[in-house]
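# Reading the structure
These are the residues of each chain, in order.
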Amino acid sequence: MKIAILGAGALGSVIGAELHTAGHEVVLLDLNEAHLEAITANGLRVDWDDRTEHLPIPAMRPDQAPQVDLVILLTKTMHTDGALQGIASLIDGGACVLTLQNGLGNVERVQVRVPDDQILFGCTMTPGDLRGPGHVASHGMAYTPFDALTPDGPAAQLAEKLNGDQLSWTSAAAAQVWQKAAFNCAMNATAVLGAGTVGAIAEHVGAGLSRDIAAEVLAVGKAERVTGDIDAVAKQIDFALREHKGHKPSMLQDVEAGRRTEIESLNGYVEQAAARHGIDAPMNRLLAALVRMRESQN
């Protein structure tokens, strides 16, 4: 299968490497010129747990992309529309789009530019770190559940071909998206406001309050007709607080770098969805407001 990774930063490059290794014809699309030049010159360097590889994967700007069967979308959520507009010719040529972006509301954003029967959605627990231009690393186990938006059409046909070790086709993909969002809502905004690592969250916020934030998210998800598993999210939180104490969540990295955060697709989305359903989500509403305040200072 011919697959383009749109937004080939740390995570996108790792997923592209996995799919390349599985035998797919992969192209990496990004706007980071230094990253693209390094990959073109030396191949993509990937540090896995047990080995380092230099993979000959083509890397280019989105406007240079060849026609593909599938585009895996991994840009920041606020860049979705512009990114898809930039590959309109690929979509018009029949390419399906799989959004694996963080947060909630991604399908709705993709629907603005892509027909429903060409849309797939999901999330990924694949870890990815950018070590430098053309150099990424990944560790531990990866799990990427996904599903087609409609039961018929080209996206559903692609889902069958994609199902395998790298990507897992499942009807539970929507629940997995909400569970990952619940975890991120509990961890990212608190890291921003406390200006600390996961270890600082463990010390000052704790598992109980983090779980309460996540449970509020899943309650809103239930109103949206998606039932998530709070016990599964609680296990994720407990594991992160115990094993990832040195990790600095991406939202805090964005604030420190003066970049926009994805708050509107996380706690901000939960706040707005709760209001639509007449549900109170006070913790997520407060977290969203305070992160917006912090952002406004940049």
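Residues numbered from 1 in each chain as written. Predicted model: local features only at pLDDT ≥ 70, side-chain atom pairs only at ≥ 80, totals over all residues. Heavy atoms only, no water.

Bringing the overall build of the chain into the picture now. For the chain, the count of helices and strands is 13 helices and twelve strands. Taken against the 2.2 N^0.38 rule, which gives 19 Å for 298 residues, the C-alpha radius of gyration of the chain at 19 Å falls within 12% of a compact globule. The proportion of buried residues among the 298 residues of the chain is 51%. Here the contacts in the chain between residues at least 6 apart in sequence split such that 69% fall between residues at least 24 apart. Of the charged side chains in the chain, 23 are positive and 36 negative, and the gap between their average positions amounts to 4 Å. (Helix = DSSP H or I, 4+ residues; strand = E, 2+ residues; numbered from the N terminus. Rg over C-alpha atoms; globule rule 2.2 N^0.38 Å. Buried < 20%, exposed > 50% of the residue type's maximum accessible area, 1.4 Å probe, protein only. Contact = heavy atoms within 4.5 Å. Lys, Arg positive; Asp, Glu negative; His and termini not counted. Charge placed at Lys NZ, Arg CZ, Asp CG, Glu CD.)

Among the structural elements, A172 can be located in the loop between β12 (168-169) and α7 (173-194). We classify A172 as partly exposed; its relative accessible area is 33%. Expressed as a C-alpha distance, the spacing of A172 and S250, which sit 78 residues apart in the sequence, is 26 Å.

So, about the pattern of salt bridges. Side-chain pairing between opposite charges can occur once the charged atoms of the two side chains come close. If you walk through the whole model with that rule in mind, you get 16 salt bridges. Here E264 makes a salt bridge to R292, at a shortest N to O gap of 2.7 Å. Linking E264 in the loop between α11 (250-256) and α12 (267-276) with R292 in helix α13 (residues 282-296), this pair joins segments that are 28 residues apart in sequence. Here the salt bridges share partners, and the residues they tie into one network are K76, D254, R259 and E262. (Salt bridge = Lys/Arg side-chain N within 4 Å of Asp/Glu carboxyl O.)

Our focus in this paragraph is the packing of α12 against α13. Packing of α12 against α13 brings their axes to within 8 Å, and their N-to-C directions diverge by 130°. On the basis of the axis angle, α12 is oblique to α13. When the axes of α12 and α13 are compared, the crossing they make is left-handed. For the pair α12 and α13, contact is made by N267, G268, V270 and E271 and by N284, R285, L287, A288 and R292, respectively. A per-class count over the contact of α12 with α13 returns three nonpolar, three polar and three charged. (Axes fitted to C-alpha atoms, helices over the stretch in contact; angles between N-to-C directions. Parallel < 35°, antiparallel > 145°, perpendicular 65-115°, else oblique. Left-handed = near helix turned anticlockwise from the far one by under 90°. Nonpolar A, V, L, I, M, F, W, Y, C, P; charged D, E, K, R; others polar.)

Here the focus is the packing of aromatic side chains. One pass over the structure, following the stated rule, counts one aromatic pair. Residues W178 and Y269 carry aromatic rings whose centres are separated by 6.3 Å and whose planes lie at 65° to one another, so their mutual orientation is edge-to-face. Of this pair, W178 sits in helix α7 while Y269 sits in helix α12, and the two are 91 residues apart along the sequence. Y269 matches W178 in its accessibility class, with the two residues each being buried. The side chain of R276 reaches across the aromatic face of Y269, ending 5.8 Å from its centre. (Phe/Tyr/Trp six-rings, centres within 6.5 Å; stacked < 30°, edge-to-face > 60°. Lys NZ or Arg CZ within 6 Å of the ring centre and 35° of its normal.)

This next bit is on the sheet that holds strand β6 (residues 70-73). Across the sheet, eight strands lie side by side as β5-β2-β1-β6-β7-β8-β11-β12; this open sheet has mixed pairing. This sheet does not close on itself; its edge strands, each paired only once, are β5 (59-60) and β12. As defined by bridge partners, strand β2 (residues 25-29) adjoins β5 across two bridges and the pair is classed as parallel. Within the sheet, the bridge partner assigned to L28 lies in β5 and is A59. (Pairing = 2+ DSSP bridges.)

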